Amino acid sequence: MDSYALLWAATMNAGTVLALASLGLLINEKAGIVNLGAEGMMLCAAIAGYAAVSHTGSDVLGFAAGMGAGAVLAAAFGVLVIWLGTNQYATGLALSLFGAGFSAFVGVSYVQAKLPERMQFSVPVLGDLPWAGPAMFRHHPLVYGAIALTLGLIYFLYRTRAGLVLRAVGESPESAHALGYPVRRIRLLAVVCGGALCGLAGAYISIIYTPLWVEGMIAGKGWIALALTTFATWRPARVLLGAYLFGGVTMLQFHLQATGVDIPSQFLSMLPYLATIAVLALISRNPTWLRVNMPASIGKPFFPGS
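Engineer: Explain the packing of aromatic side chains residue by residue, including any values.
Structural biologist: The full count for this structure, using the stated rule, is two aromatic pairs. Between phenylalanine 98 and phenylalanine 102 the ring centres are 5.4 Å apart and the planes differ by 15°, which places this aromatic pair in the stacked class. On the criterion of helical spacing, the pair formed by phenylalanine 98 and phenylalanine 102 is a turn pair, its members being four residues apart in helix H4 (residues 88-106). Accessibility expressed as a relative area gives 43% for phenylalanine 98, which makes it partly exposed. Considering the side-chain rings of phenylalanine 231 and phenylalanine 246, the 5.5 Å spacing of their centres and the 85° angle between planes classify their relative orientation as edge-to-face. In this pair, phenylalanine 231 sits in helix H10 (residues 221-231) while phenylalanine 246 sits in helix H11 (residues 236-258), placing the two residues 15 residues apart along the sequence. For phenylalanine 246, a relative accessible area of 3% translates into the label buried.

Below, the structure is given as structure tokens:
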């Protein structure tokens, strides 16, 4: 197979993880909630999904377990932040630390576990094309599901009444409350949905992306997903493009090593994180652009009647 086709295929695969998690965090932030616990949720979802598949042999149950784990942790975060008024940033960091420790504890017995043989997917006819086939049409269905989810989220946010209400809650919760909308319940639902998508991303990593379990295997992808929402200025289409960009940077290190480029492996391993810092620094040079696109109440608590 052509090396560039392999690189493109790996980019789509890696980008799917970031896209799923970032779209979940985008939903949170559109409702005005910042959840810094993505890394912890993804780790817990990864071990939940891996354990489910190792016991049942069903990828569907594994993805469901991952989504369930992410949703439960996000719900706990939402209750603390939305109803009890805890600081969003501190609570998110606590969730991330909890997820790292809990997944390491639970996953000890699964380090040596083996998953059943994976099924190979290919789009009929298109999968047999010379270059485009292996590059674009031989992926797990969830790769295409991430693209469909992006399109669906664009339609939901900008073409439906429910999406308008969600954005209104993120822009001006006081006005939404005055119009009779249950702001806290809407925010909690958004947080749970976002957590489920982060959980799906975590389960995808341990079941499909790298079908194994090792402690800390998310390796910072949750933090990159958080940065990606800002990089994309809270636009779903830009999130998907940014996910593929960062996924390509991640895979580039392996491509360069395979082609014999004489660059220290430590520098190549830093590439995704250097790219994240560089992009955020460039975007921050224009604060007006961020303010125009950022939900106005993001990160701010809301208490009815206060």
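Engineer: Just give me the short version of the packing of helix H2 (residues 38-56) against H10, but keep the residues and values in it.
Structural biologist: Across the interface, H2 lies against H10 with an axial gap of 7 Å and an inter-helix angle of 135°. With respect to H10, the axis of H2 lies oblique. By crossing handedness, the relation of H2 to H10 is classed as right-handed. In contact with Ala38, Glu39 and Met42 of H2, H10 contributes Lys221, Gly222 and Trp223.

Engineer: A description of the nonpolar core should follow, citing residues and the corresponding values.
Structural biologist: Formed by 80 residues in total, the largest nonpolar core has its most connected members in Met42, Phe63, Tyr204 and Trp213. Per element, the largest residue contribution to this core is 14 residues, and it comes from helix H9 (residues 183-209). Excluding anything up to four places from it in sequence, tyrosine 204 contacts Asn13, Thr16, Val17, Phe63, His140, Leu142, Val143 and Tyr209.

The rules behind these values
Residues numbered from 1 in each chain as written. Predicted model: local features only at pLDDT ≥ 70, side-chain atom pairs only at ≥ 80, totals over all residues. Heavy atoms only, no water. Phe/Tyr/Trp six-rings, centres within 6.5 Å; stacked < 30°, edge-to-face > 60°. Helix = DSSP H or I, 4+ residues; strand = E, 2+ residues; numbered from the N terminus. Buried < 20%, exposed > 50% of the residue type's maximum accessible area, 1.4 Å probe, protein only. Axes fitted to C-alpha atoms, helices over the stretch in contact; angles between N-to-C directions. Parallel < 35°, antiparallel > 145°, perpendicular 65-115°, else oblique. Left-handed = near helix turned anticlockwise from the far one by under 90°. Contact = heavy atoms within 4.5 Å. Core = buried A, V, L, I, M, F, W, Y, C linked by side-chain atoms within 4.5 Å.

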